[in-house]
2 protein chains.
Amino acid sequence: MPSGNERKARVLKGFRDYLPEQMILRQRIIAIFRDIFERHGFEPLDTPALEYLDVLTGKAGENEKLMYRFADAGGRDVGLRYDLTVPLARVVAMHGNDLVLPFKRYHIAPVWRAENPQRGRFREFWQCDADIAGTASMLADAEVVAIMAEALLAVGLSNFTINISHRQLLAALGRAAGVPEDLAGVLYRSVDKLAKIGPDGVLREMTEAGVEPEAARRVLDMVGVSGDPDSLLADLADRLTGSPEGEAAIAELRELFRLLPAFGVPAGCYALDLTLARGLDYYTGPVFEATVTEPKVGSVGGAGRYNDLVGAFLGRPIPATGMSLGLERIIDVVREHNLLPAPPTVAQVAVVILPTTVAEGARIADELREAGLRVDLSLQPQKSIGDQLKHADRKGTPVAVIVGEAELAEGRVAVKNLRSGEQRSYDRVELAPTVAAIVAE
Amino acid sequence: MPSGNERKARVLKGFRDYLPEQMILRQRIIAIFRDIFERHGFEPLDTPALEYLDVLTGKAGENEKLMYRFADAGGRDVGLRYDLTVPLARVVAMHGNDLVLPFKRYHIAPVWRAENPQRGRFREFWQCDADIAGTASMLADAEVVAIMAEALLAVGLSNFTINISHRQLLAALGRAAGVPEDLAGVLYRSVDKLAKIGPDGVLREMTEAGVEPEAARRVLDMVGVSGDPDSLLADLADRLTGSPEGEAAIAELRELFRLLPAFGVPAGCYALDLTLARGLDYYTGPVFEATVTEPKVGSVGGAGRYNDLVGAFLGRPIPATGMSLGLERIIDVVREHNLLPAPPTVAQVAVVILPTTVAEGARIADELREAGLRVDLSLQPQKSIGDQLKHADRKGTPVAVIVGEAELAEGRVAVKNLRSGEQRSYDRVELAPTVAAIVAE
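Please read all numbers here as calculations on a predicted model, not as lab measurements. (Residues numbered from 1 in each chain as written. Chains lettered and ligands numbered in written order. Predicted model: local features only at pLDDT ≥ 70, side-chain atom pairs only at ≥ 80, totals over all residues. Heavy atoms only, no water.)

**Quick look at the overall build of chain A**
- Counting secondary structure elements, chain A contains 16 helices and 16 strands.
- For 441 residues, the compact-globule estimate of 2.2 N^0.38 gives 22 Å, and chain A exceeds it by more than 25% at 28 Å.
- In terms of overall dimensions, chain A has a C-alpha envelope of 90 × 55 × 50 Å along the principal axes.
- Every one of the 441 residues in chain A was classed for burial, and the buried ones make up 58%.
- Contacts in chain A between residues at least 24 apart in sequence constitute 67% of all its contacts with a sequence separation of at least 6. (Helix = DSSP H or I, 4+ residues; strand = E, 2+ residues; numbered from the N terminus. Rg over C-alpha atoms; globule rule 2.2 N^0.38 Å. Buried < 20%, exposed > 50% of the residue type's maximum accessible area, 1.4 Å probe, protein only. Contact = heavy atoms within 4.5 Å.)

In structure tokens, the structure reads:
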């Protein structure tokens, strides 16, 4: 091939290949999440990567600006999905007759956002979402929080907190503190940064945006509290007497905190944190965010109730709640702390062959597969046995079966444990169980 | 919500949603394929949906024209991948140091082509590819054909044939028949249509493109034969004596047909068919195509050897071979003939609750999950038991557990078999095994 024809092999900034060793761990974590979603009766759903642009635009605020959008060959304005929530709303609108509400669905798939790439942030990344559309019951929110806790525990994370707040409670507190209605958005965004920029930073942001300093200070006093949810909520109920919105929000949170133990969520895994507002404009009720405290990687997932989005296509509200796990960040933590040790290769056995034992080697490989083993038959009988063993070892395959001519004539096959280096010969009839036992060691 | 704000819920032509019932079957078939790939020691790989345009353009001929391409926000020319083979070539070029050659990888993922949608043909569709890069050995081709046969048998297809041909053999036959070298492409394309347009159609196409009528007739005589591969190949060897390319191709096919039985491929599953040329320009050796004969759905997968593509980025040839299963068409066949009966919902048990038994119901649901069951806890305790049972039945859930107040006081729970209608009450300690037994019926 003339070298002038070379194309340069490269990937776009913010995009990545997942090589086998990474994929093995990814698939394992995805399988764990899927299993938990399904054990909660959540149904799988998938939707197109590409959608009409006007279907994707509407409710997502900031994220919309980051959308990959273009005109297709037919002149249609299209975009790559930037989340899995807008497609859910579209599906509920289009397939209402085929779906039974409340509809519990999960969706594990890539989304695309043209963000500035940085550590742990990519332009193509996977979301693992579990949502419930069609009920306003706090039972749904409790189940979603329970799934989140189960999923994080199942991949080996133990030091995490699911912080819980409520959009309407925050709004009511703002009003009670004297923040004008039209500055509610400022309030959410500023308060959400409390851990990052500190109380002075929040005060500065709010006053710069036009909130009276006194009002800003009152808000901070109310949201900055921590402790037992029941007593905090009782205290807030006193302050918000006469605010129907505040009282309703407090009633919802009380119900939610009452349900979580019944849903099996361990007591140390969640907390009331009124500084949590979450960025997206579409939340309308309780909001959740899971933060890993050790190692300090920050948010690994979140969500909340959004009662207006799913019905947007239908022109009537369909209450919904859900959660999204950040796969890439969770994988980073699991990998860095070796929480789920995974092998570097799928192969459990390498079958090493000679030019004269190819057919018999293929047969032996087939027998081992039938015994449930993952078998990498060598494709290089022309190479020495030593080279073939080296190849298997370099890949990280734990066991090799050597199909030699002389042994085969006696009905025997050599088995080499590549971890210990030990090699012994076995009768062919013992082969599969022997290899299975070494693999399982 | 004002109805003037409604966006129209719709999907792009050639794109589809996969609702739960379809997804349950899809995921099952994908799991079967993945299991077979992994049992053959093939490693999982994933690559970005979006690539630099110049990475994607080059070798794929027709398919390139169908690419979704655009300039991203940074002004880069990009495209959505239209196959999984070009990304494999890029990965081998970029990650050569992390990969051990020969590299066996599988990749199950969506690709995008702006084709004219028709029955069974979509603009977004999934490919299930298994390829081996880094060896010219026919062992690799045999393994790939074996995987294809195993995969089709595993999803319940039995009436299929993997037709096998060889690009260089066809080229040598063309030369021997007197077709000029520069019309070899015409020959591949015309002969490939034999089953569709008949011998007269093929003759017409070839002569119209400039092939001498006598030469065209000689080609048809040679490729139109059928029967035992060994004797056909012996006959062709006689005709091609003195053509080094023809002799090498025949030697490869002989080796391949000798290996297939050792790889466990059932005798009736494959045949030599010299009319098979396959469209893509990049094949260089044996080519395969699996055709289902009953029901007559045509090709469900194919592939072949392509020794130039994978090395294209490196400027040196890296021999490779592989196969691709057409997921959508396979699913169509499996569904139409109910080859893999799948439930309509993932949930195996619905837990029906009253306003007073919510917490206990959540606990029971958790216990059933711990016993390995997939449980759909009702989120509508305010509805009647009858309505909740109807909801579960409409979804297709086979069993319901009814958590009533009076029974609970006696430590008992009612279990209703929604298939038979039978209802009985059980002691709570017997609950999980009882439900598991009914589900397993």
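Structure shown, so let's carry the discussion forward.
**So, the confidence of the model for chain A**
- A residue-level look at chain A finds 97% of positions with pLDDT of 70 or above and a mean pLDDT of 92.
- Low pLDDT (under 50) marks residues 1–5 of chain A, which in the prediction has five contacts with non-local residues, meaning those over four places away or in another chain. (pLDDT = per-residue confidence, 0-100.)

**Focus on the relation of the copies chain B and chain A**
- Mapping chain B onto chain A calls for a rotation angle of 180 degrees and an axial translation of 0.0 Å; the resulting RMSD is 0.0 Å. Considering both components of the superposition, the chain copies are consistent with a two-fold axis. Within chain B, B:F70 has its C-alpha nearest the rotation axis, a separation of 3.2 Å.
- The residues that chain B uses at the interface reappear at the interface of chain A in 100% of cases, marking a shared surface. (Least-squares fit on C-alpha atoms with pLDDT ≥ 70 in both.)

**Focus on the sheet that holds strand 10 (residues 298–305) of chain A**
Residues and elements named next belong to chain A.
- If you walk across this open sheet you meet the eight strands as 1-5-6-11-10-9-7-8, and the pairing is mixed. Each of the sheet's edge strands pairs with one partner strand only, and the pair in question is strand 1 (43–44) and strand 8 (270–272).
- In the sheet, strand 1 pairs with strand 5 (residues 103–112) via two bridges, with the strands oriented parallel. Opposite E43, over in strand 5, you have R105 as the bridge partner. (Pairing = 2+ DSSP bridges.)

**Brief notes about the sheet that holds strand 9 (residues 286–292) of chain B**
Residue and element names in this part refer to chain B.
- In space, the eight strands of this open sheet follow the order 1-5-6-11-10-9-7-8, with mixed pairing throughout. Each end of this open sheet is capped by a strand with a single partner; those strands are strand 1 (43–44) and strand 8 (270–272).
- The pairing of strand 10 (residues 298–305) with strand 11 (residues 320–326) spans five bridges and is classified as antiparallel. The residue bridging A303 from the neighbouring strand is M323, located in strand 11.

**Quick notes on the packing of aromatic side chains**
- One pass over the structure, following the stated rule, counts eleven aromatic pairs over all chains.
- Note on A:F15 and A:Y68: the rings are 6.2 Å apart at their centroids and 70 degrees apart in plane angle, and the pair reads as edge-to-face. Here A:Y68 lies in the loop between helix 3 (62–65) and strand 3 (69–71) and A:F15 lies in the segment before helix 1 (20–39), a separation of 53 residues in the sequence.
- Exposure remark for A:F15: the relative accessible area of 5% places this residue in the buried category.
- Of the residues examined, A:Y68 reaches a relative accessible area of 4% and is grouped as buried.
- Centroid distance A:F70 to B:F70: 4.0 Å. Interplanar angle 0 degrees. Geometry classified as stacked. Taken together, the residues A:F70 in strand 3 and B:F70 in strand 3 (residues 69–71) connect one chain to another. Like A:F70, the residue B:F70 is buried in the burial classification.
- Through successive ring pairs, a cluster of aromatic residues spans A:Y282, A:Y283 and A:Y306. (Phe/Tyr/Trp six-rings, centres within 6.5 Å; stacked < 30°, edge-to-face > 60°.)

**Topic: the interface of chain B and chain A**
- Contacts between the two partners involve 105 residues from chain B, matched on the other side by 105 residues from chain A.
- Of the roughly 9,100 Å² buried between chain B and chain A on both sides combined, carbon and sulfur atoms contribute 62%.
- Taken together, chain B and chain A are joined by ten salt bridges.
- A salt bridge links B:K395 to A:E43; the shortest N-O distance between them is 3.6 Å.
- The interface formed by chain B and chain A includes 32 residue pairs in polar contact (both at pLDDT 80 or more).
- It is helix 1 (residues 20–39) of chain B that provides the largest number of residues to the side of chain B that touches chain A, a total of seven residues.
- Its residues assigned to classes, the side of chain B that touches chain A shows 56 nonpolar, 17 polar and 32 charged. (Buried area = accessible area lost by both parts, 1.4 Å probe. Salt bridge = Lys/Arg side-chain N within 4 Å of Asp/Glu carboxyl O. Polar contact = N/O pair within 3.5 Å; in protein donor to acceptor, adjacent residues only side chain to side chain. Nonpolar A, V, L, I, M, F, W, Y, C, P; charged D, E, K, R; others polar.)

**Focus: the state of the cysteines**
- Throughout the structure, instances matching the rule amount to zero disulfides over all chains.
- Between A:C269, a free cysteine, and A:C128, which holds the nearest cysteine sulfur, the sulfur-to-sulfur gap is 19 Å. (Disulfide = S-S within 2.5 Å.)

**Quick word on the side chain of A:T434**
- Relative to the helices and strands, A:T434 resides in helix 16 (residues 431–440).
- Given a relative accessible area of 14%, A:T434 falls into the buried group.

**So, the environment of B:S190**
Residue and element names in this part refer to chain B.
- Relative to the helices and strands, S190 resides in helix 7 (residues 184–191).
- The class for S190 is buried, based on a relative accessible area of 1%.
- With 15 residues separating them in the primary sequence, S190 and E205 have C-alpha atoms 6.3 Å apart.
- When residues no more than four places from it in sequence are discounted, the contact partners of S190 are V202, E205 and M206.
- One polar contact links S190 to E205, side chain to side chain, over a distance of 3.3 Å.

**Remarks on the side chain of A:H391**
- Within the secondary structure, A:H391 is located in helix 14 (residues 385–395).
- Taking relative accessible area as the criterion, A:H391 reaches 16% and is therefore assigned buried.
- Apart from residues no more than four positions distant in its own chain, A:H391 is found in contact with A:Q380, B:V100, B:L101 and B:P102.

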